[in-house]
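The primary structure of each chain is shown beneath.
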Amino acid sequence: MFLDLTEEQKLIQDTAQEFARAELEPVAAQLDQGDDRGPMLANLKKLAELGFMGLNVKDAYGGSEAGVVAFSVAMTEIARACASTAVTVSVNNMVCEVIQAVGSEEQKKAYIPKICSGEYAAGSFALTETGAGSDPAGMTTTAALDGDQWVLNGAKLFITSAPYAGVFVVWAVTDREAPKGKGISCFLVEAGTPGLIIGKEEGKMGQHASATNEVIFDKCRIPKGALMGKLNDGFRIAVAELGGGRIGIGSLGLGVGLAAMDYATRYATERSQFGQKISDFQAIQWKIADSYTELEAARLLLMNAAFRKEQGKPFAKEASMAKMYATEAANRACYHAVQMLGGYGYTQDYPVERYARDARITSIYEGTNEIQRVIVSREILKNFSS
Amino acid sequence: MKILVCIKQVPDMESRFRPNASGTWFEESDLAFRMNEYDEYAVEQAVQLKEQLAGEPEVTVLSIGPDRVNEALKKALAMGCDRGVHIQDPAPQDKDPWQIASIIAQFAQGEGFDLVFTGMQSQDRGSAQVGVLVAELLGYACATTLVGFSFSDGLVTARRELEGGIKGVVKLGLPAVVTCQLGLNTPRYPTLPNIMKAKKKDVLTIPVADLLHEEAVAATARFYPPEKKGGGIVLEGDVGNLVEQLYGILKEKTTVLR
Ligand SMILES: Cc1cc2nc3c(=O)[nH]c(=O)nc-3n(C[C@H](O)[C@H](O)[C@H](O)COP(=O)(O)OP(=O)(O)OC[C@H]3O[C@@H](n4cnc5c(N)ncnc54)[C@H](O)[C@@H]3O)c2cc1C
């Protein structure tokens, strides 16, 4: 049993932390409040140049070959400073990894280096639809072969980074007659393809600098070679890749939760009421003890899931456990952090208000925590039913 | 050209420091360590010089300390140094600057380094002696507190920070030692691929006993936190009166209005 990070992982954590403190933290509040996403896009470019867009991607495709544990600790450090930047980095890594896992050599060479280098600010993962959220196999977007082209029709919803993504991984029904989930395929669609329309951007509670848009396919024609992986194997690909993405989102949640608790704890040692520091009240001490214990447990669950993935072991159950627990621990930590700051915690003069809004989505996207529980219990019950 | 960069690993300066059991240094067990900030400028300048000379110089980075200093060495290697030297010493804090400088000089003797970069001082001890002592022991030219560096035609041109905001410019022939001040350059972040590739670079390990032949000339008698300051001054009165009081204090006790 060895619970320490390697020297390389520590250095990556330090680099992420230093970058986050120096470049991300100073613009996070402004990105949350304003309409100008410029500073985030500039930081994404710098993060790409440092190698943060393909942590678990091969050198041959421009990745860092740093592994999944390094990905997790990097996400946490980035999210401590700016959750919007963090979710973009997480999705970019997931897009690189799905292409690396199932793309052809040509597809890998065409797209992964562009995301890793920052030539593309982002890649998008386009699975969800209005009628297909927790149940993505219920999607209705279709792809039909017409000569040597696929024609896509339909619409995706809630697609992270859509307005500045260079490439979209898109799922569509290719066999309507097949049993549910057996007739879906995965495609690569380049930004700017005629018929690919970036729809309305959602007004959200938090993570404001990260765009979330509808993406419409109106007789969108893509080459036959844009099919990724095997025909009708797309749903399996989505399920497999979301496991890795969950490690990213859990780590992101952990970062926001830690940022909130660190801020609130420091505040509690400075704020006095009734002639003493509020950190002297047991009610405050228990919030600190409970929150840091939960966040530490979350960290260990995430490290375990990341380590299993890195070792090539099954990790879907562990990733779901970690995502579910970490994001709920983060939300509780943010709730307590606001409480510890009293009225000040509810104002935009203090960052815990933003942390609380940014953390909220983490128990919803990349599979709601209800769905994580479905996955975890299914994996466990497998071993009990006859 | 052969370049040596000397780096130290120091605690994160945002840590809370407590005296250790012997009361002569701080307790290290709970602290996170990182490369001394001044040394980051030294590494960056050495790597920039290597780049300026199309990669010709070999840059060696050296650190004295326990196993944890390997992380600082790895960072320097990831930033672009070519090879590392780890002088293994479980307790470098018990050695004085003279001994530390003698260890570095002993290693450097005969290696034929043309240029040695060090930080101006360490963030924890802050003696600012090691660089100059190394220069003295090796018989090298030396310039301290660099805020500007250039190299051409075999000469180093160093912009030095002097007292009271004055700068001085000196030229040095090689071999030379220079010590780097904050603001000399902007140290690069190591890229992740370079962090991973640094694994493959050589790090030579030498037990400190092989290089240490000097007795200490200074000893730390006591390490203690400063006395708690009083509560400060609270001014009272109406605004006009407050301004007058504040003006008086600024004028008498500070240089702000001079
Ligand atoms: C900011 C943001 C960014 C996003 N980014 C992306 C993206 O980049 N790509 C992408 O494809 N999608 C993205 N999504 C979509 C996200 O993954 C979905 O919103 C999420 O999976 C939930 O789907 P839904 O919103 O349709 O909710 P629904 O599926 O309608 O769920 C509603 C409620 O019912 C519960 N529920 C549903 N089914 C079950 C069940 N079987 N058992 C128990 N409870 C159940 C849910 O847990 C939830 O509480 C994003 C969403 C947001 C808000």
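Per-chain numbering applies: the sequence of each chain, read as written, is numbered from 1 onward. Chain A is the first chain written and ligand 1 is the first ligand written, with later ones labelled in order. Totals for whole chains, interfaces and linings use every residue, but because this is a predicted model, local features are given only for residues with pLDDT of at least 70 and side-chain atom pairs only at 80 or more, for both listing and counting. In computing side-chain values, all of the structure's heavy atoms are included and hydrogens and water are not.

Trainee: Explanation requested: the environment of Lys219(A) in the structure shown.
Mentor: Residue and element names in this part refer to chain A. Helix numbering and strand numbering both begin at the N terminus, where a helix is a DSSP run of H or I of at least 4 residues and a strand a DSSP run of E of at least 2. Relative to the helices and strands, Lys-219 is located in strand β7 (residues 212–223). According to the relative accessible area criterion, Lys-219 is exposed, its value standing at 58%. When the C-alpha positions of Lys-219 and Leu-157 are compared, they lie 17 Å apart, and in sequence the two are 62 residues distant. The contact definition used throughout considers only heavy atoms, calling two residues in contact when any of these lie within 4.5 Å. Setting aside its immediate chain neighbours within four residues, Lys-219 contacts Val-151, Leu-152 and Asn-153. Partly exposed residues are those whose accessible area sits between 20% and 50% of the maximum for their type, while under 20% is buried and over 50% is exposed, using a 1.4 Å probe and protein chains only.

Trainee: When you look at the packing of aromatic side chains in this model, what are you seeing that I'm missing?
Mentor: Here a ring pair, both rings aromatic, is described through the centre-centre distance and the interplanar angle of the planes. Two rings from Phe, Tyr or Trp (for Trp, the six-membered ring) form a pair when their centres sit within 6.5 Å of each other. Planes less than 30 degrees apart are called stacked, planes more than 60 degrees apart edge-to-face, and all others tilted. Using the criterion set out here, one finds 13 aromatic pairs over all chains in the structure. When the centroid spacing of 4.6 Å and the interplanar angle of 50° are considered together, the rings of Phe125(A) and Trp171(A) count as tilted. Taken as a pair, Phe125(A) in strand β1 (residues 122–126) and Trp171(A) in strand β4 (residues 165–173) lie far apart in primary sequence, 46 residues in all. The burial state of Phe125(A) is the same as that of Trp171(A); both residues are buried. Aromatic side chains Phe117(B) and Phe149(B) sit 5.3 Å apart centroid to centroid with 55° between the ring planes, which places their arrangement in the tilted category. Note that Phe117(B) is positioned in strand β6 (residues 115–119) and Phe149(B) in strand β7 (residues 141–152), a separation of 32 residues in sequence. Like Phe117(B), the residue Phe149(B) is buried in the burial classification. In textbook terms, an aromatic cluster arises when at least three aromatic residues are bridged by ring pairs, as seen for Tyr263(A), Tyr267(A), Tyr344(A) and Tyr350(A). We call a charge positioned over a ring when the NZ of a Lys or the CZ of an Arg lies within 6 Å of the ring centre and within 35 degrees of the ring normal. The ring of Phe113(B) carries Lys2(B) above its face, with NZ or CZ at 5.3 Å from the centroid. Between Arg222(B) and the ring centre of Tyr224(B), over which it is positioned, the NZ or CZ distance is 4.0 Å.

Trainee: What am I meant to see in the interface of chain B and chain A here?
Mentor: Where interface size is given, it is often the accessible area lost as the parts come together that is meant. The interface of chain B with chain A comprises 16 residues on the first partner and 23 residues on the second. Buried area: the sum, over both parts, of the accessible surface (1.4 Å probe) that disappears when the two are put together. With both sides pooled, the region where chain B packs onto chain A buries about 1,800 Å², and carbon together with sulfur makes up 57% of that total. A per-residue breakdown of the area chain B buries against chain A is headed by Glu71(B), Tyr189(B) and Leu192(B), which together make up 40% of the total. The term salt bridge refers to a pairing of a side-chain nitrogen on Lys or Arg with a carboxyl oxygen on Asp or Glu at a separation within 4 Å. Counting every contact that joins chain B to chain A gives five salt bridges. Here Glu8(A) makes a salt bridge to Lys74(B), at a shortest N to O gap of 3.7 Å. Pairs of N or O atoms are called polar contacts if they sit within 3.5 Å, as long as, within protein, a hydrogen donor faces a hydrogen acceptor (for residues adjacent in sequence, only side-chain-to-side-chain pairs). Across the chain B-chain A interface, the total number found is six residue pairs in polar contact (both at pLDDT 80 or more). At the level of elements, α2 (69–79) and α5 (192–198) of chain B are the ones that each hand at least two residues to the side of chain B that touches chain A. Per-element accounting of the side of chain B that touches chain A gives the leading share, five residues, to α5(B).

Trainee: What exactly am I supposed to notice about the site of the ligand here?
Mentor: Residue and element names in this part refer to chain A. Near is defined per residue: the residue qualifies when any heavy atom it owns lies within 4 Å of the molecule or strand. Neighbouring residues of the ligand: 17 residues in total, closest Phe-125, Thr-128, Ser-134, Phe-158 and Thr-368. In the environment of the ligand, a nitrogen atom lies 2.8 Å from a nitrogen or oxygen atom belonging to the backbone of Phe-158. One of the side-chain nitrogen or oxygen atoms of Thr-160 is found 2.7 Å away from a nitrogen atom of the ligand. Definitions used throughout: a 1 Å grid over protein atoms alone; a cavity as a set of points that fits a 1.4 Å probe which cannot get out; a pocket as an open set with protein on both sides within 12 Å along at least five of seven lines; a lining residue as one with an atom within 4 Å of a point. Assignment to a cavity or pocket requires that more than half of a molecule's atoms be within 2 Å of the site's grid points. With respect to the pocket detection grid, the ligand is positioned in the second largest pocket. Elements represented by at least two residues in the shell around the ligand include exactly β3 (149–160) and α10 (369–381). Ranked by residues supplied to the shell around the ligand, first place goes to β3 with three residues. A per-class count over the shell around the ligand returns eight nonpolar, six polar and three charged. Throughout, the ten residues Ala, Val, Leu, Ile, Met, Phe, Trp, Tyr, Cys and Pro are labelled nonpolar, Asp, Glu, Lys and Arg are labelled charged, and all others, Gly among them, are labelled polar.

Trainee: Help me understand empty space enclosed by the protein in this model?
Mentor: The rolling of a water-molecule-sized probe over the atoms marks out the regions of remaining empty space. Grid points are joined across faces, edges and corners, and a volume is the space filled by probe spheres set on the points. Per the counting criterion, the structure on display carries four cavities of 30 Å³ or more. Roughly 500 Å³ of volume is contained in the largest cavity. What lines the largest cavity is a set of 38 residues, among which Ile7(B), Lys8(B), Ile100(B), Ser122(B) and Val130(B) lie closest to the centre. Of the residues contributing to the lining of the largest cavity, the split by class is 18 nonpolar, twelve polar and eight charged. Its volume calculated, the second largest cavity comes out at about 70 Å³. Together, Leu11(A), Asp14(A), Glu18(A), Gln9(B), Phe33(B), Arg34(B), Met35(B), Glu40(B), Glu71(B), Ala72(B) and Lys75(B) line the second largest cavity. Going through the elements one at a time, α1 (7–33) of chain A together with β3 (33–35) and α2 of chain B are the ones with two or more residues in the lining of the second largest cavity. The residue makeup of the lining of the second largest cavity, split by class, is four nonpolar, one polar and six charged.

Trainee: What exactly am I supposed to notice about unusual backbone geometry here?
Mentor: If a residue is not glycine, its phi is most likely negative; likewise, a peptide bond is most likely trans. Cis geometry marks the peptide bond from Leu174(B) to Pro175(B), where omega comes out at 0°. Its location among the elements puts Pro175(B) in the loop between β9 (167–173) and β10 (176–180). Within the chain, Phe158(A) stands out as a residue other than glycine whose phi angle is a positive 60°. Within the secondary structure layout, Phe158(A) lies in strand β3.

Trainee: Honestly, the domain arrangement of chain A in this entry has me stumped. Any pointers?
Mentor: All names here are of chain A. The assigned domain composition of chain A is domain 1 (7–120), domain 2 (125–232) and domain 3 (235–382). For domain 1 versus domain 3, the separation of C-alpha centres amounts to 20 Å. Counting residues at the interface gives 27 residues for domain 1, matched by 29 residues for domain 3. A per-residue breakdown of the area domain 1 buries against domain 3 is headed by Val-68, Arg-80 and Met-94, which together make up 25% of the total. Linking domain 1 with domain 3 are three salt bridges, by the criterion used here. The source of the domain bounds is an automatic or database domain assignment.

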